[in-house]
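Chain by chain, the residues run as shown.
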Amino acid sequence: MTLRLLDPVREILKVVEEMTDRKVDFVEKTDLPVSAELKVAEKAEQAHRLFYRPTHTDEINYLVAHQCGHVLRLFGAEKGKRFIPVANRKTMMSYLLEMDDDLKRLSMVFGPEKVKKLVFLWYEGVVFQVTRMPPDIMIDKWLYDEYPELRAIQLASLERQRRAAILGLSEDMRKITPAKVYYASNVMNYAYFKVLEDHFRLDFVAPYHKTVFLYDGQSLVRVTEQGLGNNHEGDRAMINEWARLLQLTGWFEWKRLE
């Protein structure tokens, strides 16, 4: 099935090709866990690859445009000043050491084997949030302002994400998640949707108003709205600041993009 994208998305893909000096190849993949994924070409490769599932909705236009936004911000930096956040054995150990007491507590409740399976999922999830959400905010603002043709699809996708985030507020989720991961995740969700709420003039964060996440969430909102630069360097600085405020420093490292 041929991937048919809206004209604004194809325009953004064209900018990606021009900026990176690599074309984008479309590759159908039935077992893809998401609707679409843009894999940046490695040094020896001639093209980026846009993987997509044969069955998808209009939301794929927003997802592709959003992933292109990350590429454009990354390659907007000078060569040699492009960095990507990575997790490795060292950063995983930092996480495990900090979570040791909580993991022991959860193991007593759910059993060590079940907790062992969940340890990496908790880690991967919270690191994804802290390293992804700051640039995501800037990209969503850019798409909303510059591509009004995509707004309806963008807002529908964000509403789906918001509903999923609100589920994370539940008492059941609190009981089965390490305390630090649970708290940091919800604070980041609040900050993400609050900044977008203010920009879009919509109501995204009402479910958070009577929660414990409001105070630290507002601190995160303030530093995000003040900004540290609307570029890749600013993204790195903001990610590091979020990690510092949430005490997640050491849970990931920066690797230079070769």
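Note: the structure precedes this text.
Conventions we followed
- Residues numbered from 1 in each chain as written.
- Predicted model: local features only at pLDDT ≥ 70, side-chain atom pairs only at ≥ 80, totals over all residues.
- Heavy atoms only, no water.
- Helix = DSSP H or I, 4+ residues; strand = E, 2+ residues; numbered from the N terminus.
- Expected span 1.5 Å × (residues − 1).
- Buried < 20%, exposed > 50% of the residue type's maximum accessible area, 1.4 Å probe, protein only.
- Pairing = 2+ DSSP bridges.
- Axes fitted to C-alpha atoms, helices over the stretch in contact; angles between N-to-C directions.
- Contact = heavy atoms within 4.5 Å.

Quick notes on helix H7 (residues 179–200)
Its 22 residues place the ends of H7 32 Å apart at the C-alpha level, agreeing with the 32 Å of an ideal helix rising 1.5 Å per residue. Most of H7 is tucked away: 17 of the 22 residues are buried.

What about the sheet that holds strand S2 (residues 36–39)?
One open sheet accounts for three strands, arranged S1-S3-S2; its pairing is mixed. Either end of the sheet is taken by a strand with one partner, and the two such strands are strand S1 (23–28) and S2. Strand-to-strand twist of the sheet, defined as the mean angle between neighbouring strand axes without regard to direction, takes the value 20°. Pairing of S1 with strand S3 (residues 47–52), which is carried by six bridges, proceeds in the parallel orientation. Considered in S3, the bridge of Phe26 is made with Leu50. Packed onto the sheet, helix H2 (residues 59–75) meets S2 and S3 and runs at close to 20° relative to S2.

Structural notes on the side chain of Lys194
Summarising the element assignment, Lys194 is placed in helix H7. With sequence-adjacent residues up to four places away left out, Lys194 is seen in contact with Val205 and Val221.

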